[in-house]
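Listed here are the chains, written in short residue letters.
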Amino acid sequence: MNEKIIKKLFNYALKSDKTCDFPVSAIVFKDDKIISYGYNKRNKSNITTDHAEITAIKKANKKIKNWNLQGYNMIVTLEPCHMCEQVILESRLDNVFYIIPRLKTKKAYKGTDFENYIYDGPEKVEYENKITSFFKDKR
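Here is a short report on the structure shown in this document.

Cut-offs used in this document
- Residues numbered from 1 in each chain as written.
- Predicted model: local features only at pLDDT ≥ 70, side-chain atom pairs only at ≥ 80, totals over all residues.
- Heavy atoms only, no water.
- Helix = DSSP H or I, 4+ residues; strand = E, 2+ residues; numbered from the N terminus.
- Buried < 20%, exposed > 50% of the residue type's maximum accessible area, 1.4 Å probe, protein only.
- Contact = heavy atoms within 4.5 Å.
- Areas by Shrake-Rupley, 256 points an atom, 1.4 Å probe, with all protein chains shown as cover.
- Salt bridge = Lys/Arg side-chain N within 4 Å of Asp/Glu carboxyl O.
- Arc of directions from axis to C-beta.

## Description of the overall build of the protein
Each helix and strand in the protein was counted, giving 5 helices and 5 strands. Along the chain direction, N to C, the helices and strands of the protein fall in the order α-β-β-α-α-β-α-β-β-α. Taking all 139 residues of the protein together, 44% fall into the buried category. Restricting the contact set of the protein to residue pairs at least 6 apart, pairs at least 24 apart contribute 49%. When the accessible surface of the protein is split by element, carbon and sulfur atoms take 50% of a total near 7900 Å².

Written as C-alpha cells, this is what we have:
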C-alpha cells in the first residue's frame, strides 16, 4: 500500500475528530492514485448517511461519472459498518482494506473482498489512541 495514501487517510480521519464526529476516513484509489476521499461528518451535517465510505463513493462516482466502481479499491481507517458495507457492495468496488477491525468474526461477502490490511506504522498507534480518547470523552 502506498505510504502517501496511508498518511492522507489518517489526516482525513482527524478532520472528523475536529467536528466531534467519530474519526473515520476512507479513500477510493486505483493503481496507488487517490480518486476521492471522505470522512465522517454525520454530527456536523445531521445527515445519517454522512459516513466516510459513502462520502468517498459519492465523490468517486461524480469524478468518474459512473456509479460502477469496479476496478477501484477503498481503504478505511475502521472496518465499515453494515450500512456502508451495503453501499460498498452496490458500488462494485474490487477491494476494501481497513486498518482496525470492527468485528471479531469474518463474514463472507459477495463480489467485493473485505480484507484487513495490517499496518503498524506510527499513524496507526496515534489513530488507535484518538479512537480511545474519543470514547472516553463521550462517557
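After presenting the structure, the write-up continues.
## Description of the pattern of salt bridges
Here the structure, examined in full by the defined rule, presents 1 salt bridge. Across the salt bridge formed by Arg92 and Glu90, the nearest N and O atoms sit 3.9 Å from each other. Looking at Glu90, the relative accessible area reads 53%, which means it is exposed.

## A word on the side chain of Thr55
Relative to the assigned elements, Thr55 resides in helix α3 (residues 52–64). On the accessibility criterion, Thr55 (10% relative accessible area) is buried. Those residues in contact with Thr55 that lie beyond four places of it in its chain are Tyr37, Gly38, Tyr39, Lys41 and Asp50.

## Examining helix α4 (residues 82–91)
Of the residues making up α4, those classed as buried are Cys84, Glu85, Ile88, Leu89 and Ser91. Seen along its axis, α4 keeps its buried residues to an arc of 160°; they face one direction. Along α4, the residues that are exposed and aim more than 90 degrees away from the buried face are His82 and Glu90. Count one or two residues on from α4 and you reach Arg92, which has phi positive near 70°.

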